[in-house]
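Fold and contact review
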Amino acid sequence: MDLSGVAQWVGSRRAGHSLPQHLYLSPDAFDFDLAAIFGTSWLLAGFTAEVKQPGDYLSFMVGRWPVIVVRGRDGVLRAFHNSCRHRGSILCKPGAGHAPRLTCPYHRWSYGLDGRLLAAGRMPDDFDKTDYGLKPVHLETIAGAIFVSLAQVPPDISILRRDLTPLLEPHNLERAKVAHKSVLVEYANWKLVVENGRECYHCASGHPELARTFPVGATQYFDLEAAAARLFTERMEAIGLPAGPVGEDWWQAVRFALNDGNVAMTTSGQFAVKKLMVEAGGGDAGSLRWAVEPNNFCHSTSDYTFAFNAMPVSPGETHVVSTWLVHEDAVEGVDYDIDELTHLWTQTNLQDKVFAEDNQVGVWSPGYTPGPYSPTAESLTLRFVDWYCARASEYLARVPV
Ligand code: FES
Ligand SMILES: [Fe+2]
C-alpha cells in the first residue's frame, strides 16, 4: 500500500471541512481505511440475540477480512478469523447459521466451536493439531451487543462498558430476537455513507417519514442543553432510564425525546410491537441513540432496537446492514407486523442511499473542493471526520510512509 498520497491528503485536510477528494475515491485510501480504521477499532458485530444457542454463528466480512462469531458448547461467545489453517478457505459463508462443528468445505478439516482443530484427514503422524487452531479475534459483549476488534491490541473498551451499560441494559437486548435483517448496497464510499448517517441537516426535506417522530431541527441534541431536554432527562431518570449523554471521541450515547405525541420511531409514532422491551413509563421513553465509530449507529426505543452498520466493500461500494430487534416473546403477525416495523428505517435507508450515491458522483467532479460543515446541524458528522483524521494521523505516525 502506498501511503504517501494518503499522508498528504490527511495532512491537507482543512479543519471544519469535508475531506480531500481522494480520501473518498482512491483505492489506496480504501486500503488505508481498512488497515488504519477498521483494523484498529471495536466494531459492532451483532447481538447476543443472534447467537443464543451453542453452535449458532455469525459470519461477516470486514472489508476483505472474513470473521466468524460463534457460541461454544460452554456457552461462551468467541470470534475467529474465518480462514482455515490448512490453505485458508473460509469455513462458513457470510450470514447466520448453526453448526455442531466448523468444518472447512475444501478438505474437511474440522474445528470445535472453541476454535481447536479436531480432525484433519491424511496428515502425517507427526502433525500436531494443537498448532492449527483458528486464530482468535478479540470479542466483548456489552448489554447484549457484540463487539469485535481485529487489532493486535484493541482500544480500551472499559469506559464504553461502564457508561453504555446503564443506558442500554434497560432495553433487554439479551432477551431480544432478530425480527428482520437487510443488506442495502450503496454505491458510495463508506465515509460518505457514515457522514450522511451522522447528521439530520437533510432530514426535514429528505426523510418525511423519519421527520414525523425524530427532532430533525435539533441542534447538537447530543449536548442536551435546552430546558425541554433537561426536563425529559429528569423524567427518564425518575423512571430508572438514565439518559446520558455519555461517550468518548469514538462513541456517543444519549436518550432524547421524540417529537411531542410520539412514543416510537415508526410512521405512526405509536409502537410497532405490542410486547415492549422497556416497560418503564409505559414505554414513553424517547429513543436511546448510541453510535460507535467508525460505521455504526443504533436507535433503541421501547418497542424495538434498530442497528445500522456501514460495511466497506470497495472505494465506491458500501453495504448497509440493518437489524431490527424485538422482544424474544413477541410473535410476528400477532404482536407486530414486519412491514410496519421496518417501514420507517427501510424508507430512510433508501432515501439515504440516493443522497450518498449522489454525493459520491459529485465528489468525483474536478470542481469538488472540501466544504464547511454546519457546526450545529452537522456536529456529529464533524466529530466523525475529526475522529477519522485523528486515527489516520496516529496510524501514519506509527507506520513508516
Ligand atoms: S483449506 Fe480448509 S481443509 Fe483445506
Ligand atoms: Fe438520512
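Given the structure is predicted, the values throughout are model-derived calculations rather than measurements. (Residues numbered from 1 in each chain as written. Chains lettered and ligands numbered in written order. Predicted model: local features only at pLDDT ≥ 70, side-chain atom pairs only at ≥ 80, totals over all residues. Heavy atoms only, no water.)

Another aspect to go through is the overall build of the protein. Helix and strand counts for the protein come out as 10 helices and 17 strands. Taken along its principal axes, the extent of the C-alpha atoms in the protein is 75 × 55 × 35 Å. Taking as baseline every contact in the protein between residues at least 6 positions apart, the subset at least 24 positions apart corresponds to 68%. Per element, the accessible surface of the protein, about 16800 Å² overall, is 53% carbon and sulfur. If the 34 positive side-chain charges of the protein are averaged to one point and the 46 negative ones to another, these points end up 7 Å apart. (Helix = DSSP H or I, 4+ residues; strand = E, 2+ residues; numbered from the N terminus. Contact = heavy atoms within 4.5 Å. Areas by Shrake-Rupley, 256 points an atom, 1.4 Å probe, with all protein chains shown as cover. Lys, Arg positive; Asp, Glu negative; His and termini not counted. Charge placed at Lys NZ, Arg CZ, Asp CG, Glu CD.)

Let us now look at the sheet that holds strand 8 (residues 117-119). Backbone hydrogen bonds are what pair the strands of a sheet, in a parallel or an antiparallel way. Pairing is antiparallel in the open sheet, where three strands are placed in the order 6-7-8. Here the strands that pair on one side only, and so sit at the sheet edges, are strand 6 (102-103) and strand 8. As paired elements, strand 7 (residues 110-111) and strand 8 share two bridges and run antiparallel to each other. Following the sheet pairing, S110 is matched in strand 8 by A119. (Pairing = 2+ DSSP bridges.)

Turning to the sheet that holds strand 14 (residues 287-292), a few remarks are in order. Across the sheet, seven strands lie side by side as 11-17-16-15-14-13-12; this open sheet has antiparallel pairing. Of all strands in the sheet, those with a lone pairing partner are strand 11 (176-186) and strand 12 (246-248), marking the two edges. Strand-to-strand twist of the sheet, defined as the mean angle between neighbouring strand axes without regard to direction, takes the value 15°. Here three bridges tie strand 12 to strand 13 (residues 251-256), and the two strands are oriented antiparallel to one another. Bridging from a neighbouring strand, E248 pairs with W251 of strand 13. On top of the sheet, helix 4 (residues 158-168) reaches strand 12, strand 13, strand 14 and strand 15 (296-300); it is set at about 20° to strand 13, its chief contact. Set on the sheet, helix 5 (residues 190-197) makes contact with strand 11, strand 15, strand 16 (305-314) and strand 17 (317-327); between it and strand 16 the angle comes to about 155°. (Axes fitted to C-alpha atoms, helices over the stretch in contact; angles between N-to-C directions.)

This next bit is on helix 5. The element helix 5 is largely enclosed, with a buried count of seven among its eight residues. All of the buried residues along helix 5 are W190, K191, L192, V193, V194, E195 and N196. With a side-chain oxygen positioned 3.0 Å from the backbone nitrogen of K191, the residue opening helix 5 is N189. (Buried < 20%, exposed > 50% of the residue type's maximum accessible area, 1.4 Å probe, protein only. Polar contact = N/O pair within 3.5 Å; in protein donor to acceptor, adjacent residues only side chain to side chain.)

Here we take up the domain arrangement of the protein. In terms of domains, the protein is made up of domain 1 (42-154) and domain 2 (163-363). Its C-alpha centre places domain 1 at a distance of 30 Å from the equivalent point of domain 2. Across the interface of domain 1 and domain 2, roughly 1500 Å² is buried in total on both sides, 65% from carbon and sulfur atoms. The largest contributions to the domain 1 side of the interface with domain 2 come from L44, F47 and A143, which together make up 34% of the buried area. Counting the contacts that link domain 1 with domain 2 gives two salt bridges. Note that E50 and K181 form a salt bridge whose closest N and O atoms lie 2.5 Å from each other. Taken together, the links from domain 1 to domain 2 amount to five residue pairs in polar contact (both at pLDDT 80 or more). For the side of domain 1 that touches domain 2, the elements supplying multiple residues, two or more each, are strand 1 (43-47), strand 2 (56-62) and strand 10 (145-149). (Domains from an automatic or database assignment. Buried area = accessible area lost by both parts, 1.4 Å probe. Salt bridge = Lys/Arg side-chain N within 4 Å of Asp/Glu carboxyl O.)

Bringing the packing of aromatic side chains into the picture now. For the structure on display, the rule yields 15 aromatic pairs. When the centroid spacing of 6.3 Å and the interplanar angle of 65° are considered together, the rings of W190 and Y388 count as edge-to-face. Of this pair, W190 sits in helix 5 while Y388 sits in helix 10 (residues 379-398), and the two are 198 residues apart along the sequence. Here Y388 falls in the buried class, since its relative accessible area comes to 0%. Ring plane angle 55° and centroid distance 6.3 Å describe the contact between F297 and F306, whose orientation is recorded as tilted. (Phe/Tyr/Trp six-rings, centres within 6.5 Å; stacked < 30°, edge-to-face > 60°.)

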